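Chains, contacts and geometry: an overview
Residue-level listing of the chains:
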Amino acid sequence: MKNSAEKIYQLLTIVIERIERTAVSLPLLIGSFFALIGVRLFVENSVFGYTRISGSYYLYEFSHTLTFFTLTFILIITLFAWYFSRSLQRVATVFLCGFIVIILPPLIDVVIEIAYYPGQSFLSYYEFDSLRGLVARFYTFYGDDPTNGITYGVRIEVALVLMLIFIYGIVVSKSFWRAFLFLIPAYIVFFVLGTFPAWLTLIGSVWSLDLLTVQASDVAQIFLSPTRIFVHDLPGFLNALNAKMSLLYTIIICFSAGLLFWVKARACSRTFFFAMRPLQMVYHVGLLCVGMGIGMLLTDEIWFVNFFTISAFAVLCISVVSAWISATLVNDLFDQETDRISNKERPLIRGTFTVGQYHLMAWLFAGLAIFSAAIINPKVAGFIIAYLALTWLYNVPPLRLKRLPLVASFTAAVASLLIILMGYSIFTPQYSIVSFPFVISALFVIVLTISLPLKDLKDIEGDKKMGTWTLPVLLGAKKARLIIASGVLLSFFLSVVFLRMQELFIWAVLCGGIAFWLIIASDGRMKIITSRNVLAWIFLLTGLYGAILVATLLF
């Protein structure tokens, strides 16, 4: 008996070591993970005979399934790698091989239904309960009703995963008790995720000091009741649950992945963050807020601020920031020759990241941008797709519109306008932009078309060598600086004319004059104002002017 156990242990050790040593790239890991999610969704919906046919149902079912298992995977591999001091990539490879068990729950449930519960259909989602009930369920492996919530199939799935984790732990640590003790935090992770809506409800009730009065019905009312995302209804309890949890999981996943990146590669993460131009991230979130603000002012739709509305806004911010990061990554990939001359601090030039890593991150952030917007509504995702398409045409050959003066800044202006329109559409019926004031669109595009060549001042040498015909390359730095400064000053005056707000005239003169001086002074004579940071100064000044404009409208 002892010899048999040793042989099994040796065999398991060989198998796991071979899996760990398998050279699997991150794209292959991600592709395999998506394939498992796809098979799980196919099996689950095949079991139900595709009776839940609805475009919105499948969208939110996909987003919920993907985000739930992604968060589970991130948490459990990070915890295992830390506890057993293993390489995160090796652990991820092994866990992905075992992750195939996620296909089993719907199959197990349907077999048990046919054999022991004919005519009854199990409904698998979460366990809702009070604090006392959750404690009891924790010690009874999810409670005594496996036909609803955490079903037979899910319980067997969790048990199998824990058993596989236990075996993997024994192999890597060569200690029965160390592997056994790890099952406690692993089970806690699975239990909390399986009862997550209840814990969120309990956390929310802390502020009103009625923690012990929360019941299962309170959790169901919050997470299963039809709701509104801004001004749009989300009917059906399954759609409501899937959409709400998708929003929350997306936020948690982005935070967890960012934190993991920072902990595992602090220097690289810091370089990456600043290379993605934080000011531009703020700018894009600002564009979204401007669009939403115009929508709130000009539409009569009724909307309410609640936890899920705030979560939806956070997901929209993730979407627009991810779209910008993806566009920046693509820009860096096709601007390497220019950056070797003008921007030697860029990560690709310094060798902080490889070209392959940049390609992967560009696709990942583009996917995250589209996915995050689609959780709100597929029509919202259309704005992000259009934005990414424009930035592609702007950066990538053969068109590479950034090489053409005015055409380049016009394209960038339209891309920025799309983010404003995206924010506006959220507050209109059918996510329409037909009612968006044309005068605001025209003013915005004209102002940015005039002002955006400012960013090209720092890249004159590199652009000249690469044949990129920017305004500073064609006219020289001095003349271009004067023309751009005059255009920015004119933009402030145009805001008074287009918006017909004479009370802004003094502010337009003041802010426009300061902007003119800032641009002229960025010729290198002052350390605090340079061609590299003058755009940031103009953004801050424009933000101040925008705040004055909003205050004038409201008061």
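Attention in this report is confined to the structure presented alongside it. (Residues numbered from 1 in each chain as written. Predicted model: local features only at pLDDT ≥ 70, side-chain atom pairs only at ≥ 80, totals over all residues. Heavy atoms only, no water.)

1. Here's the deal with the overall build of the chain
Cut-off, in case you're wondering: Strands here mean DSSP runs of E at least two residues long; helices mean DSSP runs of H or I at least four residues long; both are numbered from the N terminus. Relative accessibility thresholds used throughout: buried, under 20% of the residue-type maximum; exposed, over 50%; partly exposed, between the two (1.4 Å probe, protein chains only). For the purpose of charge, His is not counted, nor are the chain termini; Lys and Arg are scored as positive and Asp and Glu as negative. Charge placement uses NZ in Lys and CZ in Arg. For Asp and Glu, CG and CD serve respectively.
The secondary structure content of the chain amounts to 25 helices and four strands. For the C-alpha atoms alone, the extent of the chain along its principal axes is close to 90 × 55 × 45 Å. Counting over 555 residues, the chain shows a buried share of 48%. For the chain, the distance from the average site of its 38 positive side-chain charges to the average site of its 28 negative ones is 12 Å.

2. Focus: the nonpolar core
What counts is decided by this rule: In this description, a nonpolar core means a group of buried Ala, Val, Leu, Ile, Met, Phe, Trp, Tyr and Cys residues linked to one another through side-chain atoms lying within 4.5 Å. Note on contacts: a residue pair is in contact if any heavy atoms of the two residues lie within 4.5 Å.
With 135 residues, the main nonpolar core has F80, F95, I165 and I384 as its most contacted residues. For this core, the element with the highest residue contribution is helix α14 (residues 307-334), accounting for 12 residues. With residues near it in sequence (within four places) discarded, I384 still touches S319, V320, A323, A369, I370, A373, I419 and M422.

3. Notes on the pattern of salt bridges
So the rule is basically this: Criterion for a salt bridge: a side-chain nitrogen of Lys or Arg within 4 Å of a carboxyl oxygen of Asp or Glu.
For the structure shown, the criterion picks out 11 salt bridges. Ionic pairing is found between E17 and R21, a salt bridge with its closest N-O pair at 3.9 Å. Taken together, the positions of E17 and R21, both in helix α1 (residues 2-21) and four residues apart, correspond to about one turn of that helix. Owing to a relative accessible area of 35%, E17 belongs among the partly exposed residues under this scheme. Classification of R21 as exposed rests on a relative accessible area of 54%. The partner of R137 in a salt bridge is E127, and the shortest N-O contact between them spans 3.1 Å. A residue pair is termed long-range when its members are at least 10 positions apart, and R137 in helix α6 (residues 131-139) and E127 in the loop between β1 (123-124) and α6 qualify at 10 residues.

4. Notes on a nonpolar patch on the surface
The condition is simple: The residues that make up patches have over 30% relative accessible area and no salt bridge, and they are joined within 9 Å when like-charged or within 5 Å when they are Val, Leu, Ile, Met, Phe, Trp or Tyr. Computed with a 1.4 Å probe, the accessible areas rest on the Shrake-Rupley method; for each residue, only the protein chains presented here act as cover.
Together, F176, W177, F180, L181, I184 and I188 line one region of the surface with nonpolar side chains, adding up to about 620 Å² of accessible area. Along the chain, F180 falls in helix α8 (residues 176-194). Under the relative-accessibility criterion, F180 is labelled partly exposed at 37%.

5. A word on α8
Using the following cut-off: Any helix carries an expected span of 1.5 Å times its number of residues minus one. We call two N or O atoms a polar contact when they sit within 3.5 Å, provided that within protein one can donate a hydrogen and the other can accept it, with sequence-adjacent residues counted only if both atoms are side-chain atoms.
Helix length check: α8 (19 residues) gives 27 Å between terminal C-alpha atoms against 27 Å at 1.5 Å per residue, within 8%. Buried residues of α8: A179, F182, L183, A186, Y187, V189, F190, F191, L193 and G194, and no others. Of the residues flanking the start of α8, the one acting as N-cap is S175, its side-chain oxygen 3.2 Å from the backbone nitrogen of R178.

6. Here we look at the side chain of S269
Summarising the element assignment, S269 is placed in helix α12 (residues 266-275). Ignoring anything within four residues of it in the chain, the contact list for S269 reads F261 and W262.

7. Quick notes on the environment of N306
Secondary-structure assignment places N306 in the loop between α13 (278-298) and α14. On the basis of relative accessible area, N306 is assigned to the partly exposed category, the value being 28%. It is 9.5 Å that separates the C-alpha atoms of N306 and I229, two residues lying 77 residues apart in sequence. A distance of 3.0 Å separates a polar side-chain atom of N306 from the backbone nitrogen of F308.

8. Things to note about unusual backbone geometry
With an omega dihedral of 5 degrees, the bond running from P397 to P398 counts as a cis peptide bond. Along the polypeptide, P398 turns up in the loop between α18 (378-395) and α19 (407-425). A positive phi angle, near 80 degrees, is found at Y142, a position not held by glycine. Position of Y142 among the secondary structure elements: in the loop between α6 and β2 (148-149). You will see that K174, though not glycine, has its phi angle at about 55 degrees, which is positive.

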